[in-house]
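Observations on chain architecture
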Amino acid sequence: MSNAPLMPKATAVWLVDNTALSFDQVADFTKMHPLEVRAIADGDAAQGIKGMDPISTGQLTREEIEKGEKDANYRLKLSESKVALPPSPKKKGPRYTPVSRRHERPSAILWLVRNHPELKDSQIMRLVGTTKTTIASVRDRTHWNASTLTPMDPVTLGLCSQIELDFEVQRAAKEKPADQAYGGATLLPASETTRKEPELAPTEKQQDDLNVDAVFAKLKTIGGKKDEE
């Protein structure tokens with residue numbers, strides 16, 4: 001935590017206006033030069049700046065101010081903040097791979113390429129801490145040691161954790177477009193197979209053929225009756 005109060009100039013304005021502290025005491029507490037504090041008191045500096053009460057912000061106590069007012073040699077002490085700020089997260093840089101494990105990275109890359117082809121080069125780089133050139137050489141079998149490479153699980157090699165691998169695989173699966181449905185022949189539904197075909201009305205030619213047949217059949221019937229007589 002810094003030894004200077006928040007908004008030191010505004011705090012100095014408040015202390016000059018509301019306390020009997022010396023310029024040296026205010027300057028020491030706010031980490032300002034005594035001449036700058038004197039200029040504030042004379043109205044030559046910090047014009048338009050509203051004073052900030054260090055007591056209300058928990059940076060100074062009334063008892064501490066009273067001690068300073070009674071003793072010009074006393075130096076005010078900044079109160080410890082009661083609010084614990086979380087530590088700033090470290091920026092995640094490129095994965096460090098121990099020297100003893102670096103020769104095993106091509107084997108891990110080969111394993112990832114074969115078992116998880118959906119992974120992008122950037123994801124493989126994050127998992128095993130390699131370069132895009134090395135990944136390309138393993139894919140194209142142009143790596144100098146391609147003939148002797150054996151696929152090995154990067155988790156087993158200690159290059160990444162199982163959680164990290166699963167996370168990258170799931171991310172790649174989400175980003176991969178869904179496969180199109182198979183468009184081949186399928187069975188027809190029962191409503192189609194059991195449907196009765198509508199009876200088609202006879203065409204004009206078919207009607208003429210039926211009429212001719214009916215006439216000949218009738219003539220044969222009449223001729224047969226005459227023979228019997």
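The coordinates are above.
In this report, we go over the structure that sits alongside the text.

Rules and cut-offs
- Residues numbered from 1 in each chain as written.
- Predicted model: local features only at pLDDT ≥ 70, side-chain atom pairs only at ≥ 80, totals over all residues.
- Heavy atoms only, no water.
- Helix = DSSP H or I, 4+ residues; strand = E, 2+ residues; numbered from the N terminus.
- Buried < 20%, exposed > 50% of the residue type's maximum accessible area, 1.4 Å probe, protein only.
- Areas by Shrake-Rupley, 256 points an atom, 1.4 Å probe, with all protein chains shown as cover.
- Salt bridge = Lys/Arg side-chain N within 4 Å of Asp/Glu carboxyl O.
- Expected span 1.5 Å × (residues − 1).
- Arc of directions from axis to C-beta.
- Contact = heavy atoms within 4.5 Å.
- Core = buried A, V, L, I, M, F, W, Y, C linked by side-chain atoms within 4.5 Å.

Across its full length, the chain carries 12 helices and 0 strands. Counting across all 229 residues of the chain, residues that qualify as buried make up 26%. Put simply, the chain shows about 17200 Å² of open surface, and 54% of that area lies on carbon and sulfur atoms.

This part takes up the pattern of salt bridges. Within this structure, the stated rule accounts for 3 salt bridges. Notably, a salt bridge pairs Glu36 with Lys9, separated by 3.4 Å at the nearest N-O pair. Of this pair, Glu36 sits in helix H3 (residues 34-42) while Lys9 sits in helix H1 (residues 8-18), and the two are 27 residues apart along the sequence. Residue classification places Glu36 among the partly exposed positions, given a relative accessible area of 30%. Residue Lys9 is classed as partly exposed on the basis of its relative accessible area of 35%.

Right, let's talk about unusual backbone geometry for a bit. Glycine aside, residues mostly have negative phi angles, and peptide bonds mostly take the trans form. Of note, the phi angle at Lys31 is positive, near 60 degrees, even though the residue is not glycine. Locating Lys31 in the fold gives a position in the loop between helix H2 (23-30) and H3. Lys31 sits in the exposed class, given a relative accessible area of 51%. With phi around 60 degrees, Arg141 is a residue other than glycine that occupies positive phi space. Within the secondary structure, Arg141 sits in the loop between helix H8 (132-139) and helix H9 (154-157).

Before going further, it helps to examine helix H10 (residues 162-175). Taking 1.5 Å per residue as the helical rise, H10 with its 14 residues ought to reach 20 Å, and the 20 Å between its terminal C-alpha atoms agrees with that figure. Within the sequence span of H10, burial applies to Leu165, Glu168, Val169 and Ala172. Down the axis of H10, the smallest arc covering the buried residues is 100 degrees, so these residues share one side. What points out from H10, more than 90 degrees from its buried face, is the exposed set Ile163, Gln170 and Lys174.

This next bit is on the side chain of Ser107. Position of Ser107 among the secondary structure elements: in helix H6 (residues 105-115). Apart from the residues within four sequence positions on either side, Ser107 is in contact with Leu149, Thr150, Pro151 and Met152.

On to the nonpolar core. Ranked by internal contacts, the top residues of the largest apolar core, which has 19 residues, are Ile109, Leu112, Leu119, Ile124, Leu127, Val128 and Leu165. Where this core is concerned, the elements lending two or more residues are H6, helix H7 (121-128), H8 and H10. Looking at this core, the element that brings in the most residues is H6, giving 6 residues. Core analysis: the next-biggest nonpolar cluster, separate from the first, contains 15 residues, Val26, Phe29, Ile40 and Ala46 among them.

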